[in-house]
Amino acid sequence: MRAHHAEQIDARYALAKEQYAALSVDTDAALAALRAIPVSLHCWQGDDVGGFERPAATLSGGGIQATGNYPGKARNADELRADLDMALSLIPGTHRLNLHAIYGDFGGKFVDRNAIQPEHFARWIDWAKAKGMGMDFNPTYFSHPKAEDGTLSHPDPAIRQFWIEHGIACRKIGEAFGKALGTPCVTNIWIPDGSKDIPVDRKAPRERLLAALDAILAEKIDRRYLLDAVESKLFGIGSESYVVGSHEFYMGYAVSRQLLLCLDAGHFHPTEVIFDKLSSVLAFVPEVLLHVSRGVRWDSDHVVTLTDELQAIAQEIIRGGYQQRVHIGLDFFDASINRLAAWVIGTRNMIKALLLALLEPIQTLRVSEQNGDFTARLAWLEEAKTLPVGAVWDYYCQQQNTPVGAAWLDAVKTYERDVLSKR
Ligand SMILES: C[C@H](O)[C@H](O)[C@@H](O)C(=O)CO
Ligand SMILES: [Mn+2]
């Protein structure tokens, strides 16, 4: 029965391949290109951004929130690894893991943020190495008593120094990941510093942040191991009137220091989109980190769905040939649905969007545009939407030994019954 199903998938793929070939699209080449694009899965979807610094730690402050109370969240790093193993088995391709600093294996001891070391992440390195995956990293500038009213822009030099030391420690950990795994670790700095109501002094915190970032980044680390990124935000919960690390601040900083700029899809005005920023920003910074997310009203972090914006982001990456310069990371946290399903839905959607972009009849589109035939350009952009991408996607999932169609949901439900419900 399964073999028959597999034959049907092959047959549907053969027909789709012919249809795309008639438009000069090589589906085999598209799938080979797709396999080479990793998506960095964010560890924090697995436990609502709690981390494992202390037993039963929860997210506090930072202007971010995971709403919902779905049962079965990971309570320690072993459970998180098991959940990730399960989720990754349902996602085609080889991807990456994006860890936050609060997710170390701390062995039951409290290790403060400025004292974390690569050894606290040795088990993650072994886990990733065994899977042939790369890892990315983030200092954690929230959920800590010293982060209650600012971090790198804090007026108190002692507090700033503590967080500078955390940033330095995290870059060392990122470097260790890069060395051990043979692929550079993108280490992304995001801080929540800001103000609920209208500040009088917008200047001094930004000057302090700039100096603190320079102190963190003072040591040059080989780009074969570590890539530094900085992430802006428009507003957070409790920082509605002012965010120190605004877009203009980090854009200027990344350009002047030639760092990666992180563009989080949920960090701009509600109707502002990031796809059109890629070709602009990449004219001035060497590489970009994406935090692919879905903003809904005030929340920047809903599970990624196959929206127009997601498709446009993927199109810009592929059309621009930016696969080596754009690092795709995910950033959402939803505690109201099965957390593994959230990873699987969001990641599969990201990959589907890339596949759609790789299957565009790009030659026809480009020639139409070059000839000024905008009628044909619009016509083909619309025709492309109903080409048989589903047949190519199913074939890819089968080829990668991952469930075809919604079969992944059965696996998640079984895992929920056998594992998550017992936590
Ligand atoms: C947990 C992450 O650091 C966080 O989501 C950050 O990337 C962000 O986007 C904050 O809104
Ligand atoms: Mn983000």
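Here is a short report on the structure shown in this document. A quick note: this is a predicted structure, and the numbers were derived from the prediction, not measured.

Attention shifts here to the pattern of salt bridges. Between side chains of opposite charge, a pair can form when the charged atoms approach closely. The tally for this structure, following the rule as stated, stands at 24 salt bridges. With a shortest N-O distance of 2.7 Å, Asp 48 and Arg 339 are connected by a salt bridge. Pair noted here: Asp 48 is in the loop between strand S1 (39-42) and helix H3 (77-88) and Arg 339 is in helix H10 (residues 339-358), with a separation of 291 residues, a long-range link. Owing to a relative accessible area of 12%, Asp 48 belongs among the buried residues under this scheme. As a salt-bridge pair, Asp 105 and Arg 81 come within 3.0 Å of each other at their nearest N and O atoms. Pair noted here: Asp 105 is in the loop between strand S2 (96-100) and helix H4 (122-131) and Arg 81 is in helix H3, with a separation of 24 residues, a long-range link.

All right, on to the packing of helix H11 (residues 362-370) against helix H12 (residues 374-383) then. Two elements in contact, H11 and H12, have axes separated by 7 Å at closest approach and are oriented at 155°. Considering their axes alone, H11 and H12 lie roughly antiparallel with respect to each other. Here H11 and H12 pass one another in a crossing that is left-handed. The residues of H12 that touch H11, namely those facing Thr 364, Leu 365, Ser 368 and Glu 369, are Phe 374, Ala 376, Arg 377, Trp 380 and Leu 381. Its residues placed into classes, the contact of H11 with H12 shows 5 nonpolar, 2 polar and 2 charged.

Distances from the manganese ion (ligand 2) to its protein donors, namely Glu 231 (OE), Asp 264 (OD), His 291 (ND1) and Asp 331 (OD), fall within the range 2.1 to 2.2 Å. Along the chain, the residues that donate to the manganese ion (ligand 2) are spaced as E-x32-D-x26-H-x39-D. Taken together, the residues span a long stretch of sequence, with Glu 231 in strand S6 (residues 226-231) and Asp 331 in the loop between strand S12 (326-330) and H10 at a distance of 100 residues. Taken as a pair, Glu 231 and Asp 331 share a single burial class, namely buried.

To continue, consider the packing of H10 against helix H13 (residues 389-399). Two elements in contact, H10 and H13, have axes whose closest approach is 11 Å; the angle formed by their N-to-C orientations is 125°. Put simply, H10 runs oblique to H13. Pair H10 / H13 crosses with right-handed handedness. In this structure, H10 contributes Arg 348, Ile 351, Lys 352, Leu 355 and Leu 356 to the contact, and H13 contributes Val 389, Val 392, Trp 393, Tyr 396 and Cys 397. Considering only residue class, the contact of H10 with H13 consists of 8 nonpolar, no polar and 2 charged.

Basis of the calculations
- Residues numbered from 1 in each chain as written.
- Chains lettered and ligands numbered in written order.
- Predicted model: local features only at pLDDT ≥ 70, side-chain atom pairs only at ≥ 80, totals over all residues.
- Heavy atoms only, no water.
- Salt bridge = Lys/Arg side-chain N within 4 Å of Asp/Glu carboxyl O.
- Helix = DSSP H or I, 4+ residues; strand = E, 2+ residues; numbered from the N terminus.
- Buried < 20%, exposed > 50% of the residue type's maximum accessible area, 1.4 Å probe, protein only.
- Axes fitted to C-alpha atoms, helices over the stretch in contact; angles between N-to-C directions.
- Parallel < 35°, antiparallel > 145°, perpendicular 65-115°, else oblique.
- Left-handed = near helix turned anticlockwise from the far one by under 90°.
- Contact = heavy atoms within 4.5 Å.
- Nonpolar A, V, L, I, M, F, W, Y, C, P; charged D, E, K, R; others polar.
- Donors = N, O, S within 2.8 Å, 3.2 Å for Na, K, Ca; no water.

In short, shape yes, function no, at least from these values alone.
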